[in-house]
Every structure is written in C-alpha cells, then in structure tokens.
Amino acid sequence: MAAIVKRAQQGSAADFHALYELFVKRIYNFILRLIGSKEDAEDLTQETFLKVHRELKKLRDPKQFRYWLYRIARNEVYQKLRRTKKVSEISLEGEEGPLDWLLADEGMDLHPERAFLSQELNEIILCALRSLTPKYRDVFVLAVFQKMKYEEISRIVGRSLLSVKTDIYRARLVVKDHVKTYLGRQR
C-alpha cells in the first residue's frame, strides 16, 4: 500500500482513487458510528477525503497512511460535533440526537419477535453509547465495530497503548452495565 500512497502523493489520480475505494466504506462506517447521522457521515467522509487529497503530500511516512486517514476522519467528526454543539446551544427545538440512527427500522423485515429484540438491543446500545464520553466512544467504536487492534487504535487517537486499553475496558464496563441493568428490569 505504501507504493500506492507514494504514487498518489506524486499526483497519480488513479492511485488516489484506489486509496479512496479501499478505505471509503471503512471511514464512512467509522464516522457513522461516531456521529450517528447518515447524511452527516456522507458529508464528513467526503470532507475527510478532500482533506486527505489536499494534505497527502505532507504525509512523511506513506506506511502511516491508514492511521493518518483515521485521525483526519476523527478530527472532522469532532469539529462537526463542536459546531453542532454551538448551534444546539442556541436552538430551542429538540432535534434528533447524534446516535438516534441506531433505532432505525432497517431490521424490520426479520421475524417480528427478532425485530422487536433487535430494536430493544439497539436501544440499549444507543443508551450506552450516549453515556460514553467522546474519548471512550471513539476507541470503543474502533475496537468493537472496526475490529482494530489496540496498537492501531493507539496510533489513530495519539495516546499511549495503556491509555487506549484502559479506555476500552472502561467503555466495555459501561456498555456491560447498561445491558445488566436492562436484563435486571426484564426479570
């Protein structure tokens, strides 16, 4: 992959397109899980790749492209959340929360009982993710949904391996507590 990155840095549109095709779905899913809105995830994915295209020549080590790309995507999400927070502090209307996409009816073609259980599970996950701080949410999404190794997550978020492991552990505890609480209510 480093060779493709080098050629893209030198201006090869075909190689940049190859990088885009290789990573666009992963970046979109990462952003979607952090921000929750499909439209915002699409916009932020495009913004991420536009920024990558503009800044690619500045990347010193092509072997670090993947981590650099995820950092840019993460930063785009945080900038969007900061802008949204400023707007929502002014707005008086109650808008959909950033993680309400989890409650979408995508699984409703399942057997009715399975669909109901799926929606309940989505509500538990939604509640758990909302309760996580962004610091915990991003490492949790990278570990659980993107299935990345701790070392990779450490490079992306720019924190020590121990810090990442600790944050993922704490995030898992929060999610586990939400599930336990839910199951305790069902008895």
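Structure's up top.
Residues numbered from 1 in each chain as written. Predicted model: local features only at pLDDT ≥ 70, side-chain atom pairs only at ≥ 80, totals over all residues. Heavy atoms only, no water.

**Focus on the overall build of the chain**
Then comes step 1: For the chain, the count of helices and strands is eight helices and zero strands.
Then comes step 2: Its helices and strands in sequence order give the chain the pattern α-α-α-α-α-α-α-α, from N to C terminus.
Then comes step 3: Buried residues in the chain amount to 39% of all 187 residues.
Then comes step 4: Element-wise, carbon and sulfur atoms account for 53% of the exposed surface of the chain, whose accessible area totals about 11700 Å². (Helix = DSSP H or I, 4+ residues; strand = E, 2+ residues; numbered from the N terminus. Buried < 20%, exposed > 50% of the residue type's maximum accessible area, 1.4 Å probe, protein only. Areas by Shrake-Rupley, 256 points an atom, 1.4 Å probe, with all protein chains shown as cover.)

**Examining the pattern of salt bridges**
Then comes step 1: Scanning the entire structure with this criterion turns up eight salt bridges.
Then comes step 2: Here Asp15 and Arg7 are joined by a salt bridge, their closest N and O atoms 3.0 Å apart.
Then comes step 3: A salt bridge links Glu152 to Arg66, with the shortest nitrogen-to-oxygen separation between them at 2.4 Å. Highlighted residues: Glu152 in helix H7 (residues 150-157) and Arg66 in helix H4 (residues 65-90), separated in sequence by 86 residues.
Then comes step 4: For Glu152, a relative accessible area of 15% corresponds to the buried category.
Then comes step 5: Salt bridges here are not isolated pairs; linked through shared partners, they connect Lys135, Arg159 and Asp167. (Salt bridge = Lys/Arg side-chain N within 4 Å of Asp/Glu carboxyl O.)

**Some points on the side chain of Asp15**
Then comes step 1: Position of Asp15 among the secondary structure elements: in helix H2 (residues 13-35).
Then comes step 2: Beyond its immediate stretch of four places on either side in the chain, Asp15 contacts Ile4, Arg7 and Ala8. (Contact = heavy atoms within 4.5 Å.)

**Notes on the environment of Pro62**
Then comes step 1: Relative to the helices and strands, Pro62 is located in the loop between helix H3 (38-55) and H4.
Then comes step 2: Given a relative accessible area of 10%, Pro62 falls into the buried group.
Then comes step 3: Once the C-alpha coordinates of Pro62 and Arg7 are considered, the two residues, 55 residues apart in sequence, prove to be 9.9 Å apart.

**A closer look at H2**
What sets the pattern is the α-helix's 3.6 residues per turn: residues three or four places apart point alike.
Then comes step 1: Along its length, H2 shows its largest kink, about 45°, at Phe23.
Then comes step 2: Among all positions of H2, only Asp15, Phe16, Leu19, Tyr20, Phe23, Val24, Ile27, Phe30, Ile31, Leu32, Leu34 and Ile35 are buried. (Bend = angle between axes of the 7 residues up to and from the residue.)

**Here's the deal with the packing of helix H1 (residues 2-9) against H2**
Then comes step 1: Direction vectors running N to C along H1 and H2 enclose 130°, while the axes themselves pass 7 Å from each other. What the angle tells us is that H1 and H2 run oblique. By crossing handedness, the relation of H1 to H2 is classed as left-handed. Residues Ile4, Val5, Arg7 and Ala8 of H1 touch H2, and the partners they reach there are Asp15, Phe16, Ala18 and Leu19.
Then comes step 2: Counted by class, the contact of H1 with H2 contains six nonpolar, no polar and two charged residues. (Axes fitted to C-alpha atoms, helices over the stretch in contact; angles between N-to-C directions. Parallel < 35°, antiparallel > 145°, perpendicular 65-115°, else oblique. Left-handed = near helix turned anticlockwise from the far one by under 90°. Nonpolar A, V, L, I, M, F, W, Y, C, P; charged D, E, K, R; others polar.)

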